[in-house]
Amino acid sequence: MKTGRQTLLAVVTAAVILGTGILTLVIEPRRQEHKARMVQLHDLQVKLAKLQADLLVRNRIDEMYKQIEPLIKNTGNDQQEISAFTRELSDLYSKLNVKMRSVKLLPTVREEFYRLLSVKIEMQGHIRDIVRFVLLIEAHASPLRIEQFGVKARETTDEVHASFLVTKVVAESGS
Amino acid sequence: VVRKSRCIRTSWASLSLTEQRQAIVCVKGNGSSHCLWFESLEELAGALARKTLVVRKWAVTAPRELCILKSVSLPAADLDEAARMVEFELPSLVPLSAEEVVYGCTVAGRQENLLRVLVYIIKADALERHLQTYKSAGIEPRRVSPDILAMHAWFLSVCRHLQGPTVFVWAGTSACHLMMSDEENFQGSQVLPLGADTAANAREIAREVMDRGRRLTASVPEPIRVVLAGPPELVSCVEGHLHASEDPNVRVEVTVVPRPCVRLPGAQEEQPDGAGEAVLAAGLLELSLGAPQPLTNLVPRGYLAKEQQHLLLVNALRVGILSVLLVALLWGCLAAANRRLAKACATVQAQIAPIVKVAGGVDRKRQRLRVIQRQLANRGRIAEAIAELYECTPKDISISALDVTWKQDTMTIDIKGHADLLPTAFEYTNAVREARLLRAMQIVDAQQIPKAAGGSVVEFKARCSVEEDASGKKR
C-alpha cells in the first residue's frame, strides 16, 4: 500500500516531469525564437545607425575615394594580380645592381572589399643599391608597402644580404 | 440564501424531522433564519428534485437517545489536545473499540489545569442507520450534531453574551428540555415528560428549575439566569411560579424568548406544529455557520473521506487549470513579444532599404580608403631612418645586421653590431639621443668575445623605434 510520502513523491515527480516537458516543448522554442529575434533586431538597428552615419559622410568619402580609386583598381583574379605585382617589383630591382636570391609568394589575405598581396624578396648587393630599392618601392605609384626589412652584412665591405616583405592592396574582384 | 422567484439556493441548510416525519428545513438569509415546513421527507425530496430548494451542504441532528454523554477531566491545554486524549480514553468510557464509535466533544469548563470535557459518543452503525433515513431522500449530511447541542446553540443565538450559570428551558407539547449552561458552555441536560395539565406542568418545571438553581448556586454565588421558550400560556405560568418562589438561597432572573416560527415554502402563514424541531434546525444551522467546531461534528469518517477526496479532486483540477492557464499565458506573452519584435524588425528593414541604395557603398569605400591610407602612410620613413642611423653611428661601431619591422604605426629597428669596448657600445645610445627620427635607443644585450688573434670585441644588440603620428612628426 502506498504511503502518503510515496504518493507525494510520485505527484511531485510527475509534476516536475510534466513541467519540464511543457517547458521544453512549448515554452523553450518560443523563448529561443524570442532570443533570435532580439539579436536580429539589435543587428538591424546597428546596421541602420551605421547606414545613417554613412549617409552623412557619403559625399566626403566619395570625393576621397575618387582620388584613390585608380590605385586600388582590380585588374583580374589573384594570379593576374600577383603577376602584375611581381612584374612591378622586378621592374624596380632589374634596374639595380643586385643579385636576387629568392622571390617567395605569400598567401593572399582576403578582406571583405580588398585583397592584400604579399611577396618576400631576398637579394644581395651593395648597400647603396639596397637602399635605392627601398626608395623605389616607397616612391612607387602603386600602393606598395615594406612591412619588414632586414639587412645582414657580408664579408665584403658594404656588400649586404637584404630581405623584404612587400605588400600591395588591390580591390576584391567583383565588388 | 438566494431566492429566485420560488427557488431557494443556499450553501448550508439544516434539517430536523418531527415525530410524524414532517421535515423542518432551516435556511439563513438576510441575517435571520427561516424555517420551512414540509409535509414529509418525500415532499422535501421532491422539492430538491424540482430544484425549488438547492442546498450544497446539509446538517442534521443526532437524537439524544443515540448519544452517550460522558464528562471527563483531562490535563489538556485546549479542546484539540483534549480530543486527542479522548481517543485513548474511549475504551474506559464505553465498552467499544474506537472504530465502532463516532465521538465528538465540547468544553464544559476548566478547573485549575484540568479541562472538563463533555464527550458525545454514538455507535457508528446506529448513526449510519439514522442517516439512512436522510440518504433515502438524497440527503448526505456534511454535519451531524447532537440535538442537545443544537438546542443549546439556538438559545445562545437568541440570548447573546450570557455570563454565569444559566438554565435554558424549552417547553414542548409532550416534554420539557432543561439545559444547564455556564459561561456559554453546555453542562448537561434533562428531559421532563409533560402531562395534559398546564398548571401542573408549569409547577413541575419551576420546581425542577429551582432544584437545578439550588445545585448551581451551591458552587457559584451568583443569580441564576433562566431562559424560557415554548407555548406562551405554559411559559407565563412557569415564569409566574419562578417569581413566586421564596427561596432565600436562589435568586433567579427570568428571560422569555419567542419560539421560532415555521412557514410553508413560499407562504406567509405560520404553521402551528414543529416549533421544537425548528429550534433544533435553527440551532444546528447556527452551529454549522458559526465558528468551525469540527469536534462537534459527528459525521461518519466515510462521509468526510468522500468530501475530502472530492475537495482534493477539485483542488487538483484548480491547480491543473491554473497551471495550463499559466503556461498558456507565458506562451501567449512570448508569442506576442515575438510578433512585436518581428514587426519592429520589419520596420527597421523598411527604413534600411532606401538608405542602402544611397549609402550602401560607403562602407566599402571607407574600408578601401583606410587600407590605402595605411599602405601609403610613412612612405620614405625607412630610407630616412637608415640615413639617420648611418649619420648617428660612431666610427668605432660597425653594424652587422639590421631588422626593420612595423608594429601598428611604430617602426622598430633591431640592430646587431660590434664595438671595440663595452663603453663604446653604450655611448651609441647617447649618440642616437640627438637624432630627429630615432627614438631612445636601448642596448638589450652586450657581451665581450675574445678574438682568435688576441684581444677582444664587444658584440651588442640594440633596439630603437620610430613612431609616427598623424602629422608625421616624431613624438
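Scroll up a little and you will see the structure.
About the criteria used
Residues numbered from 1 in each chain as written. Chains lettered and ligands numbered in written order. Predicted model: local features only at pLDDT ≥ 70, side-chain atom pairs only at ≥ 80, totals over all residues. Heavy atoms only, no water. Helix = DSSP H or I, 4+ residues; strand = E, 2+ residues; numbered from the N terminus. Buried < 20%, exposed > 50% of the residue type's maximum accessible area, 1.4 Å probe, protein only. Contact = heavy atoms within 4.5 Å. Pairing = 2+ DSSP bridges. Axes fitted to C-alpha atoms, helices over the stretch in contact; angles between N-to-C directions. Salt bridge = Lys/Arg side-chain N within 4 Å of Asp/Glu carboxyl O.

*Asks:* It is not clear to me how the side chain of T61 of chain B should be interpreted in this structure. Could you clarify?
*Replies:* Residue and element names in this part refer to chain B. Relative to the elements of secondary structure, T61 occurs in strand β5 (residues 53-62). Taking the relative accessible area as the measure of exposure, T61 reaches 7% and is therefore buried. With sequence-adjacent residues up to four places away left out, T61 is seen in contact with L15, H130, Y134, V144, S145, D147, A150, L280 and L284.

*Asks:* Is there a simple way to explain the sheet that holds strand β13 (residues 224-229) of chain B in this structure?
*Replies:* The strands making up a sheet associate through backbone hydrogen bonding, with each pair oriented either parallel or antiparallel. Residues and elements named next belong to chain B. Taking strand neighbours across the sheet as the criterion, the five strands line up as β12-β11-β10-β13-β14 in an open arrangement whose pairing is mixed. Each of the sheet's edge strands pairs with one partner strand only, and the pair in question is β12 (185-193) and β14 (252-256). Adjacent strand axes in the sheet meet at a mean angle of 20°, parallel and antiparallel pairs treated alike. Note that strand β10 (residues 165-171) and β13 share five bridges and pair parallel. Its bridge partner being in β13, V169 is matched across the sheet by L228.

*Asks:* Before we go on, may I ask you to explain the pattern of salt bridges in this structure?
*Replies:* If the charged atoms of two oppositely charged side chains come close together, the side chains can form a pair. Considering all chains together, one arrives at 19 salt bridges over all chains under this definition. Here D363 of chain B makes a salt bridge to K50 of chain A, at a shortest N to O gap of 3.7 Å. Taken together, the residues D363 of chain B in helix α9 (residues 362-376) and K50 of chain A in helix α1 (residues 4-72) connect one chain to another. Of the residues examined, K50 of chain A reaches a relative accessible area of 43% and is grouped as partly exposed. Across the pair K168 of chain A and E88 of chain A runs a salt bridge whose closest N-O atoms are separated by 3.3 Å. Note that K168 of chain A is positioned in strand β4 (residues 159-171) and E88 of chain A in helix α2 (residues 78-93), a separation of 80 residues in sequence. Accessibility classification places K168 of chain A together with E88 of chain A in one group, the buried group. Several salt bridges share partner residues, and in doing so they unite K50 and D54 of chain A together with D363 and R366 of chain B into one network.

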